[in-house]
Structures are given as C-alpha cells and as structure tokens.
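Understanding the architecture of this molecule
Residue strings, one per chain:
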Amino acid sequence: MLFVDYQNSYWAARDSFYDTTALWHWDGQFNPRRVGEYLVETSPYDRTLGGVRVYRGIPSPKFDSKGYGAARAQNDAWSKEIGTTVVTRPLRYPSDYPRSKAEEKGIDVSLAVDFVMGAVKGWYDVGIIMSLDTDLRPALEVVASELHGVRVEVAAWQRPDVYSPRLTVKGMNIWCHWLGPEVYEAVEDSIDYTK
C-alpha cells in the first residue's frame, strides 16, 4: 500500500524536475495511482497493489474558491481510480492571509495514524510512504520495529546527478524507491484542474 503526502511530494517534484524560474501551477503534479502501479510493476518481488492513500490539505471555498475547485476536481479524478482513497484536511488560514500563506495542519498526523493503524489492522504487508516530512519518522519506526512481518519502505523523487533527499530513520535500513525523471514523465499529470 502506498501512502502519499501529496503537497510534500508535489513540491519535491517541482524542485527536482523543473526550472523554478518559469513554472505552471501543474508542473510537479503526478498521478498517485500510477506511482503505486509503477512501484509494484518494477518490484523484484511478486507484489500486488493493495491501495493508494493520498493525503492533502484542501483550500477554503471562502478564501480561495479557485484553489478549492481545483483541489476538489483533482481529488474527484483520483477517487474514481479503483483502490485510491483521498484523505483531506482543511488548510489553516492565518489572520494576515493572503500576505502569509495558508498551511496544511494535521495531514502528516493523519497519514502517520493511518500508516500505523493500517499495519495493525492488516491493510498491508508492505507499506510505502512517499514524503520527505521528517514528522513521519515515528510511524516508520513503530511499524518497522514493533510489527513483525510488516515491511516499511519509502519513495522519493531523484534528481539526476544531484543529491536528492529521502525520508530516513537513524539506525534503520529502510529501502527507498528512487523515482527519476523517466518515472516522473510516466506518472506526470499536466491537467489544469482550475478549468
């Protein structure tokens, strides 16, 4: 089962594969289901994709009606794919918005709780987290060290010829699925959901 911290992974794709001087808002978008399928198809083990869970903040229709509509359209497109579940939490808007940006709150906690509970409840035997958020380390640690028979892995975008960050846990050898530019091209989603 693949657990995707979408905004975190979206920004990582933008940083990895695009020139940051001229970007469209859809640059960095990807289809989480296709990422999950890629991970299963390229695994040296006989694996079946048990599901893809996508976690993301959702804009407020009051403060950002265009962003809200785009996020809903994208979520609806993902939800139509068999085995894909989208988990959302409202963005938090600071008192001086729009001067200060809205923030995701609770997404990493939702993902971490589901990752641990999913392992306990037997949703998966291999759980892969796609995120660079170090707040997810405790969830990886618990599942890897306390739930024997459940394997944890991570996935990260890999920029060619440059150091690429990945989620790690000190003292644990967690396998990383490095996803390079050719993988990004195969899973890229260039739809403008604002239309």
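Further up the page is the structure itself.
Everything numeric in this text was worked out from a predicted model, so none of it was measured.

What about the sheet that holds strand 5 (residues 151–157)?
- Within the open sheet, the 6 strands sit side by side as 3-2-1-4-5-6. Their pairing is parallel. Edge positions in the sheet fall to strand 3 (84–90) and strand 6 (175–179), since each has one partner strand and no second. Recorded for the sheet is a direction-independent mean angle of 20 degrees between the axes of neighbouring strands.
- Relative to strand 2 (residues 52–58), strand 1 (residues 2–5) is paired through 4 bridges, and the arrangement is parallel. Its bridge partner being in strand 2, L2 is matched across the sheet by V52.
- Sheet strands touched by helix 4 (residues 107–121): strand 1, strand 2, strand 3, strand 4 (126–130) and strand 5. Its angle to strand 2, the strand with the most contacts, is close to 160 degrees.
- Across the face of the sheet, helix 5 (residues 137–146) comes into contact with strand 4 and strand 5 while running at roughly 145 degrees to strand 5.

So, the packing of aromatic side chains
- Overall, the coordinates contain 17 aromatic pairs when judged by the stated rule.
- Look at Y18 and Y184: their rings are 6.0 Å apart centre to centre, the planes differ by 90 degrees, and that puts the pair in the edge-to-face class. Taken together, the residues span a long stretch of sequence, with Y18 in the loop between helix 1 (6–17) and helix 2 (32–41) and Y184 in helix 6 (residues 181–187) at a distance of 166 residues.
- For Y184, a relative accessible area of 3% translates into the label buried.
- Ring centres 5.4 Å apart and planes at 85 degrees place the aromatic pair W157 and Y184 in the edge-to-face group. In this pair, W157 is assigned in strand 5 and Y184 in helix 6, connecting sequence segments 27 residues apart.
- A relative accessible area of 4% places W157 in the buried class.
- An aromatic cluster is defined as three or more aromatic residues linked by ring pairs; in this entry it consists of Y6, Y10, W11, F17, Y18, F30, W78, W157 and Y184.

About the thresholds
- Residues numbered from 1 in each chain as written.
- Predicted model: local features only at pLDDT ≥ 70, side-chain atom pairs only at ≥ 80, totals over all residues.
- Heavy atoms only, no water.
- Pairing = 2+ DSSP bridges.
- Helix = DSSP H or I, 4+ residues; strand = E, 2+ residues; numbered from the N terminus.
- Axes fitted to C-alpha atoms, helices over the stretch in contact; angles between N-to-C directions.
- Contact = heavy atoms within 4.5 Å.
- Phe/Tyr/Trp six-rings, centres within 6.5 Å; stacked < 30°, edge-to-face > 60°.
- Buried < 20%, exposed > 50% of the residue type's maximum accessible area, 1.4 Å probe, protein only.

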